[in-house]
Amino acid sequence: MTRSEQLFERAVKVLPGGVNSPVRAFRAVGGKPRFIVKGLGSHILDEDGLEYIDYVGSWGPMVLGHSHPDILKAVYDRMVNGLSFGAPTALEVEMAEKMVSMVPNIEMVRMVNSGTEAVMSALRLARGATGRDKIIKFEGCYHGHSDAMLVGAGSGALTQGEPDSKGVTKGAARDTLMAQYNDLASVERLLDANPGEVAAVIVEPVAANMGVVPPKDGFLQGLRRLCDKHGALLILDEVITGFRLAAGGAQEYFGVRADLVTFGKIIGGGMPVGAYAGSRALMEQVAPCGPVYQAGTLSGNPVAMAAGLAQLQILTDHPEIYTVMETSAQYLANHLRAAAEKHGVDLQVNQVGSLLCPYFTDTPVDCFAAAKTSDTKKYAKYFNEMLLRGVYLAPSQFEAMFVSSAHTQKDLQFTAQAAEEALALV
Ligand code: KE4
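### With respect to the packing of helix H2 (residues 69-79) against helix H10 (residues 302-317)
Part 1 of the argument: Viewed as axis vectors pointing N to C, H2 and H10 meet at an angle of 150°, and their least axial separation amounts to 8 Å. Taken together, the axes of H2 and H10 lie roughly antiparallel to each other. As for the relative orientation of H2 and H10, their crossing is right-handed in sense. When H2 is examined against H10, the residues Asp 70, Ile 71, Ala 74, Val 75, Arg 78 and Met 79 are found in contact with a partner set consisting of Pro 302, Val 303, Ala 306, Ala 307, Ala 310, Gln 311 and Ile 314.
Part 2 of the argument: A class-by-class count of the residues in the contact of H2 with H10 yields ten nonpolar, one polar and two charged.

As structure tokens, then:
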């Protein structure tokens with residue numbers, strides 16, 4: 001048995017599925033997860049000494065690659081003076097000021113400890129600020145595991161959502177309505193059917209939890225228009241796109257204005273962090289200065305702030321990183337398309353900025369229904385052939401490839417070659 005297999009055998013005895021987050025268990029692709037012991041730049045090393053080019057990057061946080069020296073130094077310098085106080089620190093102020101300086105349309109920020117917590121809090125704020133109960137989300141978009149977001153399309157599609165997980169009550173799901181991504185009419189129908197009741201529309205500006213599905217031209221601007229018309233808030237869930245698509249995230253990249261924005265991943269530099277942000281008028285409705293309660297023992301943790309701030313500072317000082325990452329992702333997308341063409345494999349490759357996703361289907365993927373036409377068995381075969389060749393991809397068809405600034409030309413060429421071989425076998 002390999003060391004990873006031995007560890008997994010122990011893990012399943014004490015951790016549900018042997019993991020602390022379901023997607024890591026490799027259930028969508030078969031086989032057993034690799035236990036990682038080290039990350040450096042664009043590479044990770046597993047417990048059996050096998051090295052991989054990493055396109056998961058902790059699901060987005062490692063936009064500069066692993067173990068960036070400036071981030072490690074910032075963490076070290078902070079931690080030697082104490083890890084957590086539950087009292088204000090200067091770093092929290094610097095982090096909030098930094099985010100406000102980088103992201104359009106936000107005046108205030110509240111730090112939390114995960115993307116889930118950021119979304120849960122932003123939804124409560126939207127409901128508190130508007131006095132309305134209902135939320136519109138999109139089928140196939142993921143916003144963390146808070147009850148109101150674990151909802152599937154209800155039978156009465158224009159009325160109530162149905163729980164999408166055991167343990168989520170009908171009451172918790174009732175006020176969540178489901179629309180279709182890239183389909184403005186589906187949003188308008190819900191708004192018209194629930195006049196004056198929708199507090200907010202929440203959307204991933206790039207749907208990166210159904211693979212990678214970019215917004216059609218005008219989709220996000222259309223949501224802005226519909227929200228304004230119906231008095232609902234527009235929440236952009238930028239847990240993935242924030243500080244990744246551009247320094248100002250999707251608001252800058254697509255030129256759309258959100259009322260509230262949620263963040264995670266990159267702002268933690270690899271440490272557990274989330275945040276939600278918006279105008280002063282909205283954010284000052286949050287406790288202790290307003291009636292919307294939200295709190296957290298480790299919110300704004302100084303070590304996590306040090307890591308996140310160091311990462312944001314590097315992104316500010318080196319804006320060319322965004323062009324480099326987009327060019328790298330385009331290189332991979334082009335080589336995947338060429339290899340699929342060569343081997344007669346039905347493959348659609350979506351790419352936006354440093355995010356990309358190959359779908360094993362002949363249907364262009366511009367919505368959730370199209371994404372679901374992908375042959376997930378072929379993806380699993382592709383995943384395992386790439387893993388065998390030292391390329392670590394998302395262990396699920398419906399996740400993104402995350403390119404970092406640390407991926408070198410050598411990494412990209414190696415990956416293209418591996419894909420050429422793997423696609424010949426699917
Ligand atoms: P966390 O609670 O996992 O920090 O963030 C939840 C979340 C919210 N919004 C968006 C757009 C997200 O993508 C996520 C979490 N992303 C997944 C990967 N697609 C996390 C991976 C996992 O669940 O292990």
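### A few points about the site of the ligand
Part 1 of the argument: The local shell around the ligand holds 16 residues, among which Ser 21, Thr 116, Asn 209, Asp 237 and Glu 399 are the closest.
Part 2 of the argument: Between the ligand and Asp 237 there is a distance of 2.7 Å, counted from a nitrogen atom to a side-chain nitrogen or oxygen.
Part 3 of the argument: Split by residue class, the shell around the ligand holds five nonpolar, seven polar and four charged.

### Observations concerning the environment of Ala 247
Part 1 of the argument: Tracing the sequence through the fold places Ala 247 in the loop between strand S10 (233-237) and helix H8 (249-254).
Part 2 of the argument: The exposure class assigned to Ala 247 is partly exposed, which follows from its relative accessible area of 21%.
Part 3 of the argument: Ala 247 sits 77 residues away from Val 324 along the chain, and the two C-alpha atoms are 14 Å apart.
Part 4 of the argument: In this structure, Ala 247 is in contact with Met 102, Glu 252 and Tyr 322, ignoring residues within four places of it in sequence.

### Topic: the packing of aromatic side chains
Note on aromatic pairs: each is described by the distance of the centres and the angle between the planes.
Part 1 of the argument: Here the structure, examined in full by the defined rule, presents eleven aromatic pairs.
Part 2 of the argument: A ring pair is formed by Tyr 253 and Phe 254, whose centres lie 5.0 Å apart and whose planes are at 80°; its orientation type is edge-to-face.
Part 3 of the argument: Judged by relative accessible area, Tyr 253 falls into the partly exposed class, the value being 32%.
Part 4 of the argument: An aromatic cluster is defined as three or more aromatic residues linked by ring pairs; in this entry it consists of Phe 138, Tyr 181 and Phe 219.

### Notes on empty space enclosed by the protein
Part 1 of the argument: Under the definition given, this model contains one cavity of 30 Å³ or more.
Part 2 of the argument: In this model, the largest cavity occupies a volume close to 60 Å³.
Part 3 of the argument: Lining the largest cavity are Gly 41, Ser 42, Asp 54, Gly 57, Met 62, Gly 65, His 66, Arg 244, Phe 402, Val 403, Ser 404 and His 407.
Part 4 of the argument: Among the residues forming the lining of the largest cavity, the class breakdown is three nonpolar, seven polar and two charged.

### Overview of the nonpolar core
As a rule of thumb, soluble globular proteins bury nonpolar side chains together.
Part 1 of the argument: Counting residues in each nonpolar core, the largest one holds 112 residues, and the members touching the most others are Met 99, Phe 138, Phe 243 and Tyr 382.
Part 2 of the argument: Once residues lying within four places of it in the same chain are set aside, the contact partners of Phe 138 are Met 178, Ala 179, Gln 180, Tyr 181, Val 187, Val 201, Ile 202, Val 203, Phe 219 and Leu 223.
Part 3 of the argument: Of all hydrophobic cores here, the second largest spans 21 residues; its members include Met 149, Ala 199, Tyr 276 and Val 292.

### What to know about the packing of helix H6 (residues 184-193) against helix H7 (residues 219-230)
Part 1 of the argument: Running from amino to carboxyl end, H6 crosses H7 at an angle of 10°, the nearest separation of the two axes being 10 Å. For the element pair H6 / H7, the angle class is roughly parallel. Between H6, through Leu 184, Val 187, Glu 188, Leu 191 and Asp 192, and H7, the contact on the second element is made entirely by Phe 219, Gly 222, Leu 223, Arg 225, Leu 226, Lys 229 and His 230.
Part 2 of the argument: Split into classes, the residues belonging to the contact of H6 with H7 amount to six nonpolar, two polar and four charged.

### Some remarks on helix H1 (residues 3-14)
Part 1 of the argument: When the terminal C-alpha atoms of H1 are compared, their 17 Å separation across twelve residues agrees well with the 16 Å that a helix rising 1.5 Å per residue should span.
Part 2 of the argument: Turning to H1, its buried residues number three or more, namely Ser 4, Leu 7, Phe 8 and Ala 11. In an axial view of H1, the angular spread of the buried residues amounts to 105°, which keeps them on one side of the axis. Opposite the packed face of H1, turned more than 90 degrees from it, sit the exposed residues Arg 10 and Lys 13.

### Section: the layout of surface pockets
Part 1 of the argument: Within this model, the second largest pocket holds a volume of roughly 410 Å³.
Part 2 of the argument: If you go around the second largest pocket, you meet 19 residues; those closest to its centre are Glu 92, Arg 110, Met 111, Ser 299 and Gly 300.
Part 3 of the argument: Broken down by secondary-structure element, the contributors of at least two residues to the lining of the second largest pocket are helix H3 (90-102) and strand S4 (108-112).

### Notes on unusual backbone geometry
Part 1 of the argument: Here the amide bond leading from Ala 287 into Pro 288 is cis, since omega sits at 10°, within 30 degrees of zero.
Part 2 of the argument: Residue position: Pro 288 is located in the loop between helix H9 (280-283) and H10.
Part 3 of the argument: Even without being a glycine, Phe 26 presents a positive backbone phi close to 65°.
Part 4 of the argument: One non-glycine residue, Lys 265, lies in the positive phi region at around 55°.
Part 5 of the argument: Assignment of secondary structure puts Lys 265 in the loop between strand S11 (260-263) and strand S12 (274-278).

### Quick word on the state of the cysteines
Part 1 of the argument: Enumeration over the complete set of coordinates arrives at zero disulfides.
Part 2 of the argument: Unpaired in terms of disulfides, Cys 227 finds its nearest cysteine sulfur in Cys 141, a separation of 14 Å.

Reading guide: rules and limits
- Residues numbered from 1 in each chain as written.
- Predicted model: local features only at pLDDT ≥ 70, side-chain atom pairs only at ≥ 80, totals over all residues.
- Heavy atoms only, no water.
- Axes fitted to C-alpha atoms, helices over the stretch in contact; angles between N-to-C directions.
- Helix = DSSP H or I, 4+ residues; strand = E, 2+ residues; numbered from the N terminus.
- Parallel < 35°, antiparallel > 145°, perpendicular 65-115°, else oblique.
- Left-handed = near helix turned anticlockwise from the far one by under 90°.
- Contact = heavy atoms within 4.5 Å.
- Nonpolar A, V, L, I, M, F, W, Y, C, P; charged D, E, K, R; others polar.
- Near = heavy atom within 4 Å.
- Polar contact = N/O pair within 3.5 Å; in protein donor to acceptor, adjacent residues only side chain to side chain.
- Buried < 20%, exposed > 50% of the residue type's maximum accessible area, 1.4 Å probe, protein only.
- Phe/Tyr/Trp six-rings, centres within 6.5 Å; stacked < 30°, edge-to-face > 60°.
- 1 Å grid on protein atoms, 1.4 Å probe; cavity = no way out; pocket = protein on both sides within 12 Å on 5 of 7 lines; lining within 4 Å.
- Points joined across faces, edges and corners; volume = space filled by probe spheres on them.
- Core = buried A, V, L, I, M, F, W, Y, C linked by side-chain atoms within 4.5 Å.
- Expected span 1.5 Å × (residues − 1).
- Arc of directions from axis to C-beta.
- Disulfide = S-S within 2.5 Å.

Note that all results are geometric; they support no functional claim without further evidence.
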